[in-house]
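Geometric and topological summary
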Amino acid sequence: MTGRGEDEGGPSIAIVGSGFSGLGLAIALKRAGFTALTVFERAGDLGGVWRENTYPGAACDAPSHLYSYSFEPKPDWSRRFAPQPEILDYLRRCAGKYGVTEHIRFGAEITGAVFDAEAGRWNIRTAGGEVHTADVLVSACGQLSDPSIPDIAGLDTFDGTVFHSARWDHAHDLAGRNVAVIGNGASAVQFVPRIAPKAAKLSVFQREPQWVGWKWDRRYPRARNRLNRRLPVLQRLSRLGVFLWFEALLNPMLISPRGRRILSAHVRALCRTTLWSVRDRALRERLTPGYELGCKRVLVSSDYYRTLNLPHVDVVTSAVAKVTSDGVVTADGETHPADTIILGTGFRSHDFVAPMRVEGLDGRDLNDAWRDGPRAYLGMAVAGFPNFFLMYGPNTNVGSGSVVHMLESQIAYIVQAARALRDPAVLYMDVREGVLTEFDERLQRRLDGTVWNAGGCDSWYLQEGRRNASNWPGSMLAYRRRTKALDRSDYRFVTRA
Ligand code: NAP
């Protein structure tokens, strides 16, 4: 991976991660004529979160016509919200079709990368001790890849089986088990209805209730899929419809509390109607959020609440105090016997590049640069880390919508950066410190009043100190516009002597 010029398919580009972002970028780069590409993947297969999350009921919670690449529509999604195996299959097919699979090095975990300013190139180390070089380094590790294991006293003393929802233990049969589920987020509302019929007893430990709307899922009839194939415009219209619905949902989250209460009244009404499927009034009350709609991600499920009606299913709202060898003890002193604990406790969303150690100009460590919180220009570029880009980096998550849309904006931007680096005279490009600082300060000011920061809840969007390092404070369209053209004046271009 040494070429820079067009003839060699350069610059050479290393992408870490082969999920939606890494694959999408590799495909776009390849289509743009860049062939000196390597995708490093720590696992033995591609797919990122769609490879890792195999829990029962795992499925997309954004409609698949939008949650897919715009350049590769799939006319025959089996359902509106495709199940995990179908999404993984879609990604594998995309990688195969665009000739990207051969660029992936499986079983290659990147542990560190150091920028060599003289050569204008990254030296990249794998866990196996190999060293690779590349002109450009892209971290496509995502925000939701490493499971968050809660620090609960005694968890390691539990005699039964414990696993995280993103590392599902399929060998562990749940039939007749006494199961404790910790967490009630997007993953839990999908797997709880699937495992409840098997378990002898199931307790869901809820810290805060969630806003849950009805999931308008349905199987697509074959006739519709045939029509999609014959008239691709139909599928494009479906995609546009979903996009506009999400944009209409998202924008109220950004405005004043009064304005957003008025504009999101319809979604609140939908969630309240969904909650009516819980028969017990006292339970309904415990499931009613006290914070604003949208503060945490709004969940969708048509069977989660119904499952909570089952006589052997409990919702425990007293905080988890500790785990003993045979159960969970809550703050009210009650012991809840269990032989299986499933952690639906989410992901280490702010460890954007962990466990990779990234060292930029003058030995600057990315963890040090991010001591006060992760920040990146447009979520992609960090001053002092030349020729380095992040995908699904800081502040590029959407509270409502499809992250794939955001990723495609980033893909187009990074392809432009790669083009700029094709010039053999350019040693490296580095975003200007002032540009990043101004961008970040404006972004944080905009986030201050949003429902995510001020809606009265805790969520994975917020770091300690309540800094929001996750969300983009605008619409998907605004991000697309903002990233459409790479402004060369935002960067310091250092040329070869
Ligand atoms: P999550 O939304 O972060 O939910 C984690 C849950 O665990 C929350 O209920 C949280 O409680 C609870 N929790 C965390 N630590 C705890 C502790 N120490 N004690 C008790 N409870 C604890 O995680 P997730 O459900 O895995 O979803 C994460 C994100 O992944 C979603 O927001 C979504 O963006 C994505 N996702 C997408 C899909 C999809 O498209 N199909 C599916 C699943 C996930 P609190 O609410 O009180 O913090």
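Remember, predicted model here, so these are calculated numbers, not experimental data.

**Quick word on the pattern of salt bridges**
A side chain of one charge can pair with a side chain of the opposite charge when the charged atoms of the two come close. Scanning all chains against the criterion turns up 28 salt bridges. A salt bridge links Asp-146 to Arg-42; the nearest nitrogen and oxygen atoms lie 3.2 Å apart. Linking Asp-146 in the loop between β7 (136-139) and β8 (161-164) with Arg-42 in the loop between β2 (37-41) and α2 (49-52), this pair joins segments that are 104 residues apart in sequence. With a closest N to O distance of 3.1 Å, Asp-430 and Arg-492 form a salt bridge. Of this pair, Asp-430 sits in strand β20 (residues 426-431) while Arg-492 sits in strand β21 (residues 491-495); the two residues are 62 residues apart in sequence, bridging distant segments of the chain. For Asp-430, a relative accessible area of 3% corresponds to the buried category. Salt bridges linked by common partners bring Glu-41, Arg-51, Glu-52 and Arg-167 together as one network.

**Some words on empty space enclosed by the protein**
Following the criterion strictly, the structure yields two cavities of 30 Å³ or more and no others. As a volume, the largest cavity reaches approximately 40 Å³. Tallied by class, the residues present in the lining of the largest cavity amount to five nonpolar, three polar and no charged. Its boundaries defined by the atoms lining it, the second largest cavity holds a volume of some 30 Å³. In terms of lining residues, the second largest cavity is bounded by Gly-142, Gln-143, Leu-144, Ser-145, Asp-146, Arg-348 and Asp-351.

**Thoughts on the sheet that holds strand β9 (residues 178-182)**
Consider a sheet: its strands pair through backbone hydrogen bonds, and that pairing is either parallel or antiparallel. Pairing within the open sheet is parallel, and its five strands lie in the order β8-β17-β9-β10-β13. Each edge of the open sheet carries a strand with a single partner, namely β8 and β13 (313-316). Looking at each pair of strands side by side, their axes are set apart by 15 degrees on average, direction ignored. Here β8 runs beside strand β17 (residues 340-343); their pairing, made up of four bridges, is parallel. Looking at the pairing, Val-162 lines up with Ile-341 of β17. Strand contacts of helix α4 (residues 188-195): β9, β10 (201-205) and β17, with the helix running at about 170 degrees to β9, the strand carrying the most contacts.

Rules behind the numbers
- Residues numbered from 1 in each chain as written.
- Predicted model: local features only at pLDDT ≥ 70, side-chain atom pairs only at ≥ 80, totals over all residues.
- Heavy atoms only, no water.
- Salt bridge = Lys/Arg side-chain N within 4 Å of Asp/Glu carboxyl O.
- Helix = DSSP H or I, 4+ residues; strand = E, 2+ residues; numbered from the N terminus.
- Buried < 20%, exposed > 50% of the residue type's maximum accessible area, 1.4 Å probe, protein only.
- 1 Å grid on protein atoms, 1.4 Å probe; cavity = no way out; pocket = protein on both sides within 12 Å on 5 of 7 lines; lining within 4 Å.
- Points joined across faces, edges and corners; volume = space filled by probe spheres on them.
- Nonpolar A, V, L, I, M, F, W, Y, C, P; charged D, E, K, R; others polar.
- Pairing = 2+ DSSP bridges.
- Axes fitted to C-alpha atoms, helices over the stretch in contact; angles between N-to-C directions.
- Contact = heavy atoms within 4.5 Å.

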